[in-house]
Structures are given as structure tokens and as C-alpha cells.
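Here's the letter readout for the chains.
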Amino acid sequence: MFDIDLRSDTVTRPSDAMRDAARDADVGDDVYGDDPTVNDLERRAAALVGCEDALFVPTGTMGNQIAAQVHADPGSEVVADADAHVVRWELGGLARNAGLQTRTLDAENGIFTPEQIHAVCHDADLHRPGTGLVCLENTHNARGGLAVPVDRIRAVADAAGAHDVPVHLDGARLFNACVALDVDPAEMVAPVDSVLFCLSKGLGAPVGSILAGSEAFIDEARRLRKLHGGGMRQVGIIAAPGLLALENRDRLAEDHANAARLAAGLDALDDLSVPTPETNIVVVDVSAAPFDASAFVDACADRGVGCGAIDDAHVRFCTHRDVDRAAVETALDRIETI
């Protein structure tokens, strides 16, 4: 294991308070709707993002897959960025789970233009499936934790709405975007039809995500969660840490500051090129170095620093609540020796 683990913000350990909350949680059978802790989490989460209702799901991937199935009919198209999480990292689930086709576009600066949406959305006809869903991502993982402004989300949603196409927001790191842009979560989510956000990325919960939308949307999502095997029982023991995770939103600014310091330190090293991050994801270009990304990752690992290769030329570091400024400085000192 790494003593400075910057592979992802999913590697955080639950705090003592979260462990205590899990032990002491009031529980019931959630499939029957009887778990008071889950019910409380869903109510608070829905209110936080300004939605009518919310659903606790085990993972963000399950939440995205359920959302696509609720919104789009089998055989229809989902419009998504070519580098979106739902395209690159969810095992082709849109096709396998939902029977959906993916129409990928290059989303400049992490999000489509209205013109792209108008050009790609179409009704079903004798030869073609119709457009069933537009999927956005904020922050955009593969594009370096890019925080997408709400006005650009609104512009895309308005364009999709002109074609009666719903919009789902994969907001796995939604609150990183909200903190970076100083936007209220409900304002960020208002233009879209549904949103997914993770409790275990950045917020420090050991497990779990939230899918939110209208009451009718969540009613159908609850059925599909059962279909996917996500209908759990005394879930309060993992929902209770999620309630505490919701209170960790403001401290994400600390992760962003640490990411900026890490990026600046890495960029100062020979052969590395690192843009200033907007949130907590640092992408290092090693294409000018005498080693590829995998070799760089291995060398970091040998020095107790965890990171991950994106491709042959790029490496990702991700700051989080378990890595403070002192650890960032130590990581830089170790990486300088590579």
C-alpha cells in the first residue's frame, strides 16, 4: 500500500464519527421503505440538489445506468462525450443493461454546445432510432476534473428540451464543481432532469451514491434498482456515514488548493507538463519525459506515492481529505527523485 495515496478520492477511510454513526444507526428493511436512516438521507439529498425525490444506490455506475433506463427507450440513442464516464468506464452498460446506443461527440471544454445538440438530436423514423437522452458530466473526470459552469449546462438542457430529449447529469463530483464555481447545488442541477452524485468521492463516505429527480422518475428508478440487485435491507448502517458526508462539502476547497500546489510543483520538474487544475484532479503530461505513464506510475509507487495512468502519456493524481498539505509536499519531494 501507499502511504500517500493519490490514485483517487475514493480511497479515503471513514472517519471515527462515520464508524460510530454506522454502528448506532436506526435501521429497517429498505426494500419495504422502512429504514429511517436511508429515508432521512434521501430526503436531505433531494432537498440539497433541489429535486422532488432521491434514491440511495450502492454505486455511481448503477445510478447512471438506472437513469438511462428510466429516461430512454431500448434502441434509442444516448448522446455523450467520447471521454465521458458512462462511455469509458461503465463496461458498455448503456448497451448491455439498457439496450441503448451511444452517439459520442467531442465535448469541447467538457460540455456540448447547443449547436451540437441541435445537430445530433432527431426523431425516430423508418431507418433510425430517435435520440433518447443527453448525458453530461460535472466535474468531468477524464478532462482533468473540469468544472462546467451552470450557464453552459442550461444552454445544453434548453437545446435538448427543444427536441423533447431529457438530460441526465453524471455529477459524481458535483460538489467539487459547486465549490470551485461558488454555485449552489440546487442551482447547478436545476436545468437537468436527473442527477447522480457520489458520497464516496471526496465527501469521505465508505460507500454509496444518490440519484435524484422527480417523484415519478425516482418511483421507476426504485423498481430498476431492485432489478439491478440494488434492493438492500438494513442499509442504514451505510447510509448513516452518507449523512455525515453531506456535511463535508465545504472542505472540498482544501482539496482543490492541495491539487493546485501539487500541479505547480510537478510542472516545475523537468519533462513534466501540468495544467492548473480547476478542482481536485491533476493530470500530468509525461510525453516529453524519457519514460511513459506506466513507468512513471511504477516509479511513484516505489516511493510510496499512488497515482494512475490515463494513457501512455498522461498520469492522474487526485487529492482528497486523507492527504493534507504536508503529504503533498512530501509527495513532491519523492517524485523529484524520479
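Residues numbered from 1 in each chain as written. Predicted model: local features only at pLDDT ≥ 70, side-chain atom pairs only at ≥ 80, totals over all residues. Heavy atoms only, no water.

Student: For this particular structure, what's the right way to read the packing of helix α12 (residues 252-267) against helix α14 (residues 325-336)?
Tutor: Each pair of packed helices gets described by two things: the angle between the helix axes and the distance between those axes. For the pair α12 and α14, the least separation of the axes is 10 Å and the interaxial angle reads 15°. Judged on the interaxial angle alone, α14 and α12 are roughly parallel. As for the relative orientation of α12 and α14, their crossing is right-handed in sense. Only Arg325, Val328, Glu329, Leu332 and Ile335 of α14 make contact with α12, whose side of the interface consists of Ala257, Asn258, Arg261, Leu262, Gly265 and Leu266. Residues belonging to the contact of α12 with α14 are distributed by class as follows: 6 nonpolar, 2 polar and 3 charged. (Axes fitted to C-alpha atoms, helices over the stretch in contact; angles between N-to-C directions. Helix = DSSP H or I, 4+ residues; strand = E, 2+ residues; numbered from the N terminus. Parallel < 35°, antiparallel > 145°, perpendicular 65-115°, else oblique. Left-handed = near helix turned anticlockwise from the far one by under 90°. Contact = heavy atoms within 4.5 Å. Nonpolar A, V, L, I, M, F, W, Y, C, P; charged D, E, K, R; others polar.)

Student: Can you walk me through a negative patch on the surface in this structure?
Tutor: A cluster of acidic residues, Asp292, Asp298, Asp302, Asp311 and Asp312, forms a negative patch on the protein surface. Checked against the element boundaries, Asp311 lands in the loop between β11 (308-309) and β12 (314-318). Assessed through its relative accessible area of 38%, Asp311 is described here as partly exposed. (Patch = residues over 30% accessible without salt bridge, like charges linked within 9 Å, V, L, I, M, F, W, Y side chains within 5 Å. Areas by Shrake-Rupley, 256 points an atom, 1.4 Å probe, with all protein chains shown as cover. Salt bridge = Lys/Arg side-chain N within 4 Å of Asp/Glu carboxyl O. Lys, Arg positive; Asp, Glu negative; His and termini not counted. Charge placed at Lys NZ, Arg CZ, Asp CG, Glu CD. Buried < 20%, exposed > 50% of the residue type's maximum accessible area, 1.4 Å probe, protein only.)

Student: Mind showing me how you'd approach the domain arrangement of the chain here?
Tutor: For the chain, the domain assignment lists domain 1 (4-10 + 251-336) and domain 2 (16-249). Relative to domain 2, the C-alpha centre of domain 1 lies at a distance of 27 Å. Of the residues lining the interface, 17 residues belong to domain 1; the matching set on domain 2 comes to 19 residues. A combined buried area of about 1,500 Å² lies between domain 1 and domain 2, and 51% of that area is made up of carbon and sulfur atoms. On the domain 1 side of the contact with domain 2, Asp9, Leu252 and Glu278 bury the most area, a combined 36% of that side's loss. Our count for the contact surface shared by domain 1 and domain 2 stands at 1 salt bridge. Taken together, domain 1 and domain 2 are joined by 8 residue pairs in polar contact (both at pLDDT 80 or more). Looking at the side of domain 1 that touches domain 2, the elements with two or more residues in it are α12, β9 (281-285) and β12. (Domains from an automatic or database assignment. Buried area = accessible area lost by both parts, 1.4 Å probe. Polar contact = N/O pair within 3.5 Å; in protein donor to acceptor, adjacent residues only side chain to side chain.)

Student: How should I be thinking about the nonpolar core in this particular structure?
Tutor: Grouped burial of nonpolar side chains is what soluble globular proteins tend to show. Judged by nonpolar contacts, the single largest core of 52 residues is most densely connected at Val49, Phe112, Val134, Leu136, Leu174, Phe197 and Leu199. Per-element accounting of this core gives the leading share, 6 residues, to helix α7 (residues 150-161). Setting aside its immediate chain neighbours within four residues, Val134 contacts Val79, Phe112, Ile117, Cys121, Val156, Ala160, Val165, Pro166, Val167 and His168. (Core = buried A, V, L, I, M, F, W, Y, C linked by side-chain atoms within 4.5 Å.)

Student: How do you make sense of the sheet that holds strand β4 (residues 101-105) when you look at a structure like this?
Tutor: Strand pairing in a sheet is mediated by backbone hydrogen bonds. Such pairs are either parallel or antiparallel. Spatially, 7 strands are ordered β2-β8-β7-β6-β5-β3-β4 in an open sheet, and the strand pairing comes out mixed. The open sheet has two edge strands with one neighbour each: β2 (53-57) and β4. In this sheet, adjacent strand axes meet at a mean angle of 20° when their direction is disregarded. Sheet topology places strand β5 (residues 131-137) next to strand β6 (residues 167-170); 4 bridges connect them, and they run parallel. Paired with Cys135 across the bridge in β6 is His168. α7 contacts β5 and β6 of the sheet and is inclined by roughly 180° relative to β5. (Pairing = 2+ DSSP bridges.)

Student: What's the story with the UniProt feature "domain: Aromatic amino acid beta-eliminating lyase/threonine aldolase" (unreviewed entry) in the chain in this structure? I'm lost.
Tutor: Taking the UniProt record as the reference, the feature "domain: Aromatic amino acid beta-eliminating lyase/threonine aldolase" (unreviewed entry) is found at residues 5-288. With 40% helix and 15% strand, residues 5-288 has end C-alpha atoms that lie 25 Å from one another. (UniProt positions renumbered as here; feature names shortened; annotations may be inferred.)

Student: I keep staring at the state of the cysteines and nothing clicks. Help me out?
Tutor: In this structure the tally under the stated criterion is 0 disulfides. The closest cysteine sulfur to the non-disulfide-bonded Cys135 is located on Cys198, 13 Å from its own sulfur. Classification of Cys135 by relative accessible area gives buried; the value is 6%. The thiol sulfur of Cys300 is not disulfide-bonded, and the nearest other cysteine sulfur, from Cys307, lies at 3.9 Å. (Disulfide = S-S within 2.5 Å.)

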